[in-house]
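Residue-level structure breakdown
If you want the building blocks of each chain, they are given just below.
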Amino acid sequence: MDPRPRHRRVLFAAAAAVVAAAGAVALAPTAEAATTLGASAAEQGRYFGTAVAAYKLSDSTYSGILNREFNSVTPENEMKWDATEPTQGSFSYGSADQIVARAKSIGAKVRGHALAWHQQQPGWAQNMSGTALRNAMLNHVTQVATHYKGQIDSWDVVNEAFADGSSGARRDSNLQRTGNDWIEAAFRAARAADPAAKLCYNDYNTDGQNAKSNAVFAMVQDFKARGVPIDCVGFQSHFNAQSPLPSDYQANLQRFANLGVDVQITELDIEGSGTAQANAYGSAVRACLAVTRCNGITVWGIRDSDSWRASGTPLLFDNSGNKKAAYTAALDALNGGSTPPPSTATPPPNTSTPPPSTTTPPPAGDGCTATVALNQWTGGFVATVKVTAGAARINGWTAGLALSSGSSVTNSWNAQASGSSGAVSFTNVAYNGGVNAGASTEFGFQGTGTGPSTATCASR
């Protein structure tokens with residue numbers, strides 16, 4: 001999400017404890033407090049940005065919020081390898097240039113995302129290996145960073161290169177198999193192409209101290225010791241009830257900052273609603289403000305309907321573009337105030353008959369259901385599939401989807417794919433097969449053409 005591996009994460013009962021652990025910044029609110037996210041962040045010497053899709057810029061509500069609220073922009077998909085070099089040696093920048101132009105027109109910074117990643121590679125790169133792939137990757141980094149030289153504030157040079165779980169190992173990918181120095185090589189190429197841009201490593205599930213974040217920490221420590229150019233580390237921060245904002249979030253950001261790099265919250269979204277979601281957003285913002293070198297926050301999308309996991313309503317604006325309680329909490333945190341408690345007034349009784357529920361409940365017995373959140377653009381899509389267990393724990397699952405004619409799967413994450421067109425299926429991998437009763441896990445895949453909107457699920 002990036003639209004990509006996002007197995008993740010809203011703060012509920014633990015919200016108050018996290019607020020205390022994150023540490024509120026002692027900033028007195030003033031009558032002159034700024035009234036938009038970007039302006040408020042700027043007063044703190046930071047940015048507050050959002051991920052943007054070029055094809056949505058013609059939507060007046062979407063563009064209106066973008067122009068008003070944010071002082072940093074990240075292209076959601078338009079700067080990735082498959083978008084910028086669809087054919088080897090032939091570069092395409094139209095959609096990304098459109099986003100950069102919009103950012104300039106509103107005085108916003110641009111975060112480039114992402115130069116080297118094992119996902120969303122064009123087919124020609126997926127079919128390469130060894131020296132040929134290494135050279136192609138370095139040429140890609142050089143050409144794209146050169147094209148945007150002087151226009152990018154921070155680049156996600158390498159994205160998601162470490163494995164999940166307790167191993168602390170590098171992710172086994174075609175890029176990793178070109179040699180363990182591939183990350184260093186990518187950073188050196190980016191520095192040579194655009195010496196002024198900040199160069200970041202970006203990953204998910206590194207928000208608290210764990211085996212994965214420890215491995216990233218060790219890499220950054222090594223790079224700094226050896227003079228490998230790295231200026232910042234991005235923490236994606238995708239949270240939900242199963243993976244909430246960790247109690248050591250601020251401390252984890254601080255230990256990276258202590259290495260002499262900036263830290264950035266790069267893809268923040270928090271599933272949920274109401275007070276719990278608002279508290280979690282406030283905690284995340286205050287944690288960043290408490291770390292001197294946390295220089296910015298990016299939310300991954302504008303309205304809930306723009307999110308890659310829209311069903312979880314994870315963003316600051318609702319589907320119609322209205323500000324949510326989470327927005328107020330984030331703005332209040334930026335301005336140094338405190339979120340007012342929820343109203344205790346008793347609402348008048350509702351005498352209207354509610355419409356019948358359209359939500360499909362989990363199966364009453366054993367089994368599972370699967371729902372699809374689709375991020376569609378002209379010619380391609382990313383689908384995020386949520387698998388939910390029924391009344392009993394499941395120990396494995398297979399989700400089935402039907403692709404329309406001419407559509408195909410190009411890559412997937414958190415699942416083993418079978419088939420690339422027509423009727424396709426995805427089976428759990430080792431770490432996400434077991435799902436407790438009523439709980440959920442997610443996987444995703446990218447494709448060309450039109451994405452599916454429904455899925456079936458079979459458990460084992």
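Because the structure is predicted, anything quoted here is derived from the model rather than measured. (Residues numbered from 1 in each chain as written. Predicted model: local features only at pLDDT ≥ 70, side-chain atom pairs only at ≥ 80, totals over all residues. Heavy atoms only, no water.)

1. Description of the overall build of the protein chain
A count of helices and strands for the protein chain gives 12 helices and 17 strands. Within the span of the protein chain, comprising 460 residues, buried residues form 55% of the whole. By element, 52% of the accessible surface of the protein chain is carried by carbon and sulfur atoms, the whole surface being about 17500 Å². (Helix = DSSP H or I, 4+ residues; strand = E, 2+ residues; numbered from the N terminus. Buried < 20%, exposed > 50% of the residue type's maximum accessible area, 1.4 Å probe, protein only. Areas by Shrake-Rupley, 256 points an atom, 1.4 Å probe, with all protein chains shown as cover.)

2. Things to note about the pattern of salt bridges
Under the counting rule described, the total for this entry stands at 19 salt bridges. Residue K56 pairs with D306 through a salt bridge whose shortest N-O separation is 3.0 Å. Pair noted here: K56 is in the loop between β1 (47-52) and α3 (60-69) and D306 is in the loop between β9 (294-299) and α12 (325-334), with a separation of 250 residues, a long-range link. Among the residues examined, K56 registers a relative accessible area of 12% and is labelled buried. (Salt bridge = Lys/Arg side-chain N within 4 Å of Asp/Glu carboxyl O.)

3. Topic: the pairing of strand β3 (residues 109-117)
For β3, a buried count of 8 out of 9 residues is recorded, marking the element as mostly surrounded by other parts of the structure. Bridge count between strand β2 (residues 72-75) and β3: 2 bridges; the pairing is parallel. Counted as the bridge partner of S72 is K109 from β3. Bridging between β3 and strand β4 (residues 154-159) involves 5 bridges; their strand directions are parallel. The residue bridging W117 from the neighbouring strand is N159, located in β4. (Pairing = 2+ DSSP bridges.)

4. Focus: the sheet that holds strand β12 (residues 397-402)
With respect to topology, 4 strands assemble into an open sheet ordered β14-β15-β12-β17, the strand pairing being antiparallel. The sheet is open, and its two borders are formed by β14 (416-418) and β17 (456-459), each paired with just one other strand. Averaged over all pairs of adjacent strands, the angle between their axes in this sheet comes to 20 degrees, without regard to strand direction. Where β12 meets β17, 4 bridges bridge the pair, whose relative direction is antiparallel. Its bridge partner lying in β17, A399 is registered against C457. (Axes fitted to C-alpha atoms, helices over the stretch in contact; angles between N-to-C directions.)

5. Let's talk about the nonpolar core
F48, W155, V158 and F187 are the most contacted members of the largest nonpolar core, which has 93 residues in total. Once residues lying within four places of it in the same chain are set aside, the contact partners of F187 are V157, V158, L199, C200, Y201, F223, V228, P229 and I230. Formed by 22 residues, the second largest nonpolar core is a distinct cluster that contains F381, A383, I394 and V409. (Core = buried A, V, L, I, M, F, W, Y, C linked by side-chain atoms within 4.5 Å. Contact = heavy atoms within 4.5 Å.)

6. Digging into the packing of helix α7 (residues 130-147) against helix α8 (residues 182-193)
Where α7 contacts α8, the two axes come as close as 8 Å, and the packing angle between them is 30 degrees. For the element pair α7 / α8, the angle class is roughly parallel. When you trace α7 past α8, the crossing you get is right-handed. Residues R134, M137, L138, V141, T142, A145 and T146 of α7 form the contact with α8, whose participating residues are W182, A185, A186, A189, A190 and A193. (Parallel < 35°, antiparallel > 145°, perpendicular 65-115°, else oblique. Left-handed = near helix turned anticlockwise from the far one by under 90°.)

7. Here we look at the environment of N135
Tracing the chain through its elements places N135 in helix α7. A C-alpha to C-alpha distance of 9.7 Å links N135 and T178, two positions 43 residues apart in sequence.

8. Quick notes on the side chain of S237
Positionally, S237 belongs in the loop between β6 (232-235) and β7 (238-239). Among the polar contacts listed, one links the side chain of S237 to the side chain of Y249, at a separation of 2.7 Å. In this structure S237 touches D207, Y249, I265, E267, L268 and D269, once residues within four positions along its chain are discounted. (Polar contact = N/O pair within 3.5 Å; in protein donor to acceptor, adjacent residues only side chain to side chain.)

9. Here's the deal with the state of the cysteines
Summed over the entire model, instances satisfying the criterion amount to 3 disulfides. The disulfide that involves C288 links it to C294, with 2.1 Å between the sulfurs. Its S-S torsion of about -100 degrees marks the bond between C288 and C294 as left-handed, since a negative value means left-handed. With relative accessibility at 0%, the residue C294 sits in the buried group. One disulfide bridge connects C368 with C457, the sulfur atoms lying 2.0 Å from each other. Note on the C368 and C457 pair: the S-S dihedral is about -100 degrees, so by sign convention the disulfide is left-handed. (Disulfide = S-S within 2.5 Å.)

10. Focus on the pairing of β12
When a strand is regular, its side chains alternate between the sheet's two faces. Of the pairings in the sheet, the one linking β12 to strand β15 (residues 423-427) comprises 5 bridges and is antiparallel in character. By the bridge assignment for β15, L401 is matched with V424.

11. Remarks on the confidence of the model for the protein chain
For the protein chain, per-residue confidence averages 87 on the pLDDT scale, and residues scoring 70 or more make up 85% of the total. Below a pLDDT of 50 lies the segment residues 3-31, which in the model reaches 108 contacts outside its immediate sequence neighbourhood of four places, other chains included. Contacts of residues 337-364 to residues separated by more than four positions or lying in other chains number 14 contacts, the stretch itself having pLDDT below 50. (pLDDT = per-residue confidence, 0-100.)

12. Section: the packing of aromatic side chains
Tallied over the entire structure, the rule returns 11 aromatic pairs. Considering the side-chain rings of F239 and Y249, the 5.7 Å spacing of their centres and the 85 degrees angle between planes classify their relative orientation as edge-to-face. One end of the pair, F239, is in strand β7; the other, Y249, is in helix α10 (residues 249-257), with 10 residues separating them in the sequence. Three or more aromatic residues joined by ring pairs make a cluster, and in this case those are F91, Y93 and Y148. The aromatic ring of Y204 is capped on one face by K212, whose charged end is 3.6 Å from the ring centroid. The residue whose ring lies beneath R255 is F217, and the NZ or CZ to ring-centre distance is 4.8 Å. (Phe/Tyr/Trp six-rings, centres within 6.5 Å; stacked < 30°, edge-to-face > 60°. Lys NZ or Arg CZ within 6 Å of the ring centre and 35° of its normal.)

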